[in-house]
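If you want the building blocks of each chain, they are given just below.
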Protein chains: 2
Amino acid sequence: MSQGVPGVPPPKSVLDALSRTSSDPTTCGYVPNAGELSLRKAIADEMKFRYGDDADIMPEDIALTAGCNLAFFSVATTLADAGDEMIIPIPWYFNHEMTLTTLNIKPVILPTRPEDAFMPSPERCERLITPKTKAIVLVTPNNPTGAVYPPSLISAFADLARKYKIALVIDETYRDFITSGPPHHLFSSSAPVRHRLGLVCASPSFISHLNTALDSIQICAPRPPQRALAPLLPSLRTFIRETADAVAHRHTLFREVLPKRWCIASQGGYYAFVRHPFVGISASKVCQRLAEELGVVCLPAEFFGPKHNESVQQEPERWVRFSVANVNDEKVKLVCKRLAESETAFGWSIDPKA
Amino acid sequence: MSQGVPGVPPPKSVLDALSRTSSDPTTCGYVPNAGELSLRKAIADEMKFRYGDDADIMPEDIALTAGCNLAFFSVATTLADAGDEMIIPIPWYFNHEMTLTTLNIKPVILPTRPEDAFMPSPERCERLITPKTKAIVLVTPNNPTGAVYPPSLISAFADLARKYKIALVIDETYRDFITSGPPHHLFSSSAPVRHRLGLVCASPSFISHLNTALDSIQICAPRPPQRALAPLLPSLRTFIRETADAVAHRHTLFREVLPKRWCIASQGGYYAFVRHPFVGISASKVCQRLAEELGVVCLPAEFFGPKHNESVQQEPERWVRFSVANVNDEKVKLVCKRLAESETAFGWSIDPKA
């Protein structure tokens, strides 16, 4: 339960279409950096389906990249120069920090707390804004905590970004695991802020600068998948919804079978963020013994933030990320059984408050 | 004859394999950043075929990227920090300059001259090396000039790089258009310098750092093409050789039918670099009229170097890049016929020395 790697392959209709477009000689040439217009149109339509009919999204707002990581990389290089700052909550998605550091953009840390279910605070964020701040970067549903930010919280961050004329970058890689209403209302015609990541969705003027950045990095994204997906998106809604329902069910199961001394602070999308019950023991040590002695692989919170100075830290981090969506129901039960075993097997004292 | 876009689709065996691997659900997961081991092995073997049996190339020397541009981007970010310098000859491949500027690496210009057939001079290069220099970047066969650097020249640059303990980066995107012997001998066991670009070929210790850089940019390159190509490389040698022979024939034809007042300084790979015959007229103006009035599209030398200060420049650049490999024999003849027409149609005076 460590990496976030989908275990479900794409539907047969997608695989068949990939087979056709990959062997079509006309897909061997370049495509404009922003991608095939047919797919950009289809994505704009799907986003209206997802965010509501008042979502004001056009094909000109969309740029396609070879993976979400390259989307964030190209957005970062478009928004900021070396020496500028971007605010990112911790626990962070480590690739965001790696990208900013590669580009000599300073990641400014916005701490989040378990008692807030790891929701970031717009008020605390405002205090971190300086003349060098170019963007606030959010991930929802979050990696690693699984926290799903409510539309009202996202609106508050959009207001903050507008007030200081900085960008709000939202990484929505796990968006389709949200089974309730629209993830937020930033795309409605009345809301002038609209930046979305995965593919990149932003204003045409931003996309034009992004194109320049992409031209320096990847030139165009692979073309056959673009041609394959363009006509299929609406037909995939059922598959997406069924997958999301299955993952939601697994989160419920995980909550039910998790031993009662292991505490979930936040849960959603692909992940759950869980406090282990061992007093004074770091999550890294717990994860190492879980892997070596009980065959359970999960990631400690230390992986998702800056290196701590062990000597000044009062109490070790006790948070662990479980990639709940990665495994089937039987594995969820087995993992929880092993966690219960660890409480006696490890011989460490248990937090009486847990 | 402007862009360098291959007009020949891949052979049917490649398209068929792409069709198979693209629809295989097992190719939907991540692959290690450096790429499928099967393809890296096959590439190491092909490089031995190309560079000679004494070429000391292992799969561990190879990293695969989504396109050559991303290869150069990841190499640049691995070798240098913001504020460092890399030496690049002009005329340059503009994407190299764009990448360096994006990463705040200073491109230090090494001029090349038509009277040297646009070959860069190791002696001039040495004078540009400073404590901040991290690499010398060469392109051979060159874009835009078409110049094919002889193995002895490449060896001299390798010696220079070794002397100053800096990297020699060679972009060999157009390598397979060389129909004579090995492009150079840097990979022979006795030569300790071995960096190659396209994919990236370098020492395992360099590849390990490159992996870290790739992890911040693209994570892994698309997997189906890797699986498709792995078993096919040796079977493609004939196709590659036939394509190279056809391009070489087209270069010969271009040289034969080009009007005698248009002067070729260098020619090879995809391109020929040609001086137009109009006195005191910039290549930009000539290219614009060729496109608008005669339907011939080619690129002026100004595109391949830093912006000039027009007021201080003595004589305008008269060099034009023709993408000779882009068109068929009939088009080559037609283009040359139009160039001949332009000499009278444009009403500009002709250089008596041309």
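Residues numbered from 1 in each chain as written. Chains lettered and ligands numbered in written order. Predicted model: local features only at pLDDT ≥ 70, side-chain atom pairs only at ≥ 80, totals over all residues. Heavy atoms only, no water.

## Topic: the domain arrangement of chain A
How large an interface is tends to be reported as the accessible area lost when its parts come together.
Residue and element names in this part refer to chain A.
Link 1 in the chain: Under the domain assignment, chain A is made up of domain 1 (12-233) and domain 2 (238-345).
Link 2 in the chain: The C-alpha centroid of domain 2 is placed 27 Å from the C-alpha centroid of domain 1.
Link 3 in the chain: Each partner contributes residues to the interface: domain 1 has 20 residues there, and domain 2 has 21 residues.
Link 4 in the chain: Between domain 1 and domain 2, a total of about 1,800 Å² is buried, with carbon and sulfur atoms accounting for 70% of that surface.
Link 5 in the chain: Its largest share of buried area at the contact with domain 2, domain 1 owes to Pro144, Phe177 and Thr179, together 31% of the area lost on that side.
Link 6 in the chain: Our count for the contact surface shared by domain 1 and domain 2 stands at zero salt bridges.
Link 7 in the chain: The tally of links between domain 1 and domain 2 comes to five residue pairs in polar contact (both at pLDDT 80 or more).
Link 8 in the chain: Looking at side-chain class alone, the side of domain 1 that touches domain 2 contains 14 nonpolar, five polar and one charged residues. (Domains from an automatic or database assignment. Contact = heavy atoms within 4.5 Å. Buried area = accessible area lost by both parts, 1.4 Å probe. Salt bridge = Lys/Arg side-chain N within 4 Å of Asp/Glu carboxyl O. Polar contact = N/O pair within 3.5 Å; in protein donor to acceptor, adjacent residues only side chain to side chain. Nonpolar A, V, L, I, M, F, W, Y, C, P; charged D, E, K, R; others polar.)

## Observations concerning the relation of the copies chain B and chain A
One copy of the chain maps onto the other through a rotation about an axis plus a displacement along that axis.
Link 1 in the chain: Of the two same-sequence chains, chain B is brought onto chain A (RMSD 0.0 Å, axial shift 0.0 Å) by a rotation of 180 degrees. With respect to symmetry, the two chain copies, as superposed, fit the operation of a two-fold axis. Among all C-alpha atoms of chain B, that of Ser19 of chain B lies closest to the rotation axis, at 2.0 Å. (Least-squares fit on C-alpha atoms with pLDDT ≥ 70 in both.)

## Observations concerning the environment of Thr99 of chain A
Link 1 in the chain: Inspection of the secondary structure assignment puts Thr99 of chain A in helix α4 (residues 94-102).
Link 2 in the chain: For the pair Thr99 of chain A and Gly29 of chain A, spaced 70 residues apart in sequence, the C-alpha separation works out to 29 Å. (Helix = DSSP H or I, 4+ residues; strand = E, 2+ residues; numbered from the N terminus.)

## Quick word on the interface of chain B and chain A
Link 1 in the chain: Tallying the contact residues gives 30 residues for chain B and 30 residues for chain A.
Link 2 in the chain: Buried area between chain B and chain A, summed over both chains or domains, comes out near 2,500 Å², and the portion from carbon and sulfur atoms is 63%.
Link 3 in the chain: Taken together, chain B and chain A are joined by zero salt bridges.
Link 4 in the chain: Inspection of the chain B/chain A interface yields two residue pairs in polar contact (both at pLDDT 80 or more).
Link 5 in the chain: Among the elements of the structure, α1 (12-22), α3 (68-79), α4 (94-102) and α7 (204-217) of chain B are those that each provide at least two residues to the side of chain B that touches chain A.
Link 6 in the chain: Here the side of chain B that touches chain A is composed, by residue class, of 17 nonpolar, 12 polar and one charged.

## Some remarks on helix α2 (residues 37-51) of chain A
Residue and element names in this part refer to chain A.
Link 1 in the chain: Here α2 contains 15 residues, and its C-alpha end-to-end distance of 21 Å stays within 8% of the 21 Å for a straight helix at 1.5 Å per residue.
Link 2 in the chain: Considered for burial, the residues of α2 that qualify are Leu39, Arg40, Ala42, Ile43, Ala44, Glu46, Met47, Arg50 and Tyr51.
Link 3 in the chain: One or two steps after α2, the chain reaches Gly52, where phi turns positive at roughly 105 degrees. (Expected span 1.5 Å × (residues − 1). Buried < 20%, exposed > 50% of the residue type's maximum accessible area, 1.4 Å probe, protein only.)

## Here's the deal with the sheet that holds strand β3 (residues 106-111) of chain B
Backbone hydrogen bonds hold the strands of a sheet together, and the pairing may be parallel or antiparallel.
Residue and element names in this part refer to chain B.
Link 1 in the chain: Read from one edge of the open sheet, four strands run β3-β2-β4-β5, paired in parallel fashion. The open sheet has two free edges, formed respectively by β3 and β5 (167-171), since each of these has just one partner strand. The sheet shows a mean angle of 30 degrees between the axes of neighbouring strands, taken without regard to direction.
Link 2 in the chain: In this sheet, β5 lies alongside strand β4 (residues 133-139) in parallel orientation, the contact comprising five bridges. Across the sheet, Ile136 pairs through a bridge with Leu168, a residue of β5. (Pairing = 2+ DSSP bridges. Axes fitted to C-alpha atoms, helices over the stretch in contact; angles between N-to-C directions.)

## Looking at the pairing of strand β7 (residues 263-268) of chain B
Residue and element names in this part refer to chain B.
Link 1 in the chain: Looking at chain direction, β7 and strand β8 (residues 271-275) are connected through five bridges and run antiparallel. Bridging across to β8, Cys263 finds its partner in Arg275.
Link 2 in the chain: Between β7 and the antiparallel strand that follows it, β8, lie two residues; Gly269 among them carries a positive phi value of about 55 degrees.

## Side note on the side chain of Gln267 of chain B
Residue and element names in this part refer to chain B.
Link 1 in the chain: Assignment of secondary structure puts Gln267 in strand β7.
Link 2 in the chain: Here Gln267 falls in the buried class, since its relative accessible area comes to 19%.
Link 3 in the chain: Here His251 takes part through its backbone oxygen, which lies 2.8 Å from a polar atom of the side chain of Gln267.
Link 4 in the chain: Within polar-contact distance, the side chain of Gln267 engages the side chain of Arg255 at 2.9 Å.

## A look at the packing of aromatic side chains
All names here are of chain A.
Link 1 in the chain: Inspection of every chain in the model, using the stated rule, returns 29 aromatic pairs over all chains.
Link 2 in the chain: Here Tyr174 and Tyr271 contribute two aromatic rings whose centre-to-centre distance is 5.4 Å and whose plane-to-plane angle is 75 degrees, an arrangement assigned as edge-to-face. Taken together, the residues Tyr174 in the loop between β5 (167-171) and β6 (200-201) and Tyr271 in strand β8 (residues 271-275) connect sequence positions 97 residues apart. The two residues Tyr174 and Tyr271 agree in class, both being buried.
Link 3 in the chain: When the ring of Phe278 is compared with that of Phe346, the centres are 5.8 Å apart and the planes differ by 40 degrees; the resulting orientation is tilted. Taken together, the positions of Phe278 in the loop between β8 and α10 (283-294) and Phe346 in the segment after α11 (329-345) put the pair 68 residues apart, joining distant regions of the chain.
Link 4 in the chain: Classification of Phe278 by relative accessible area gives buried; the value is 0%. (Phe/Tyr/Trp six-rings, centres within 6.5 Å; stacked < 30°, edge-to-face > 60°.)

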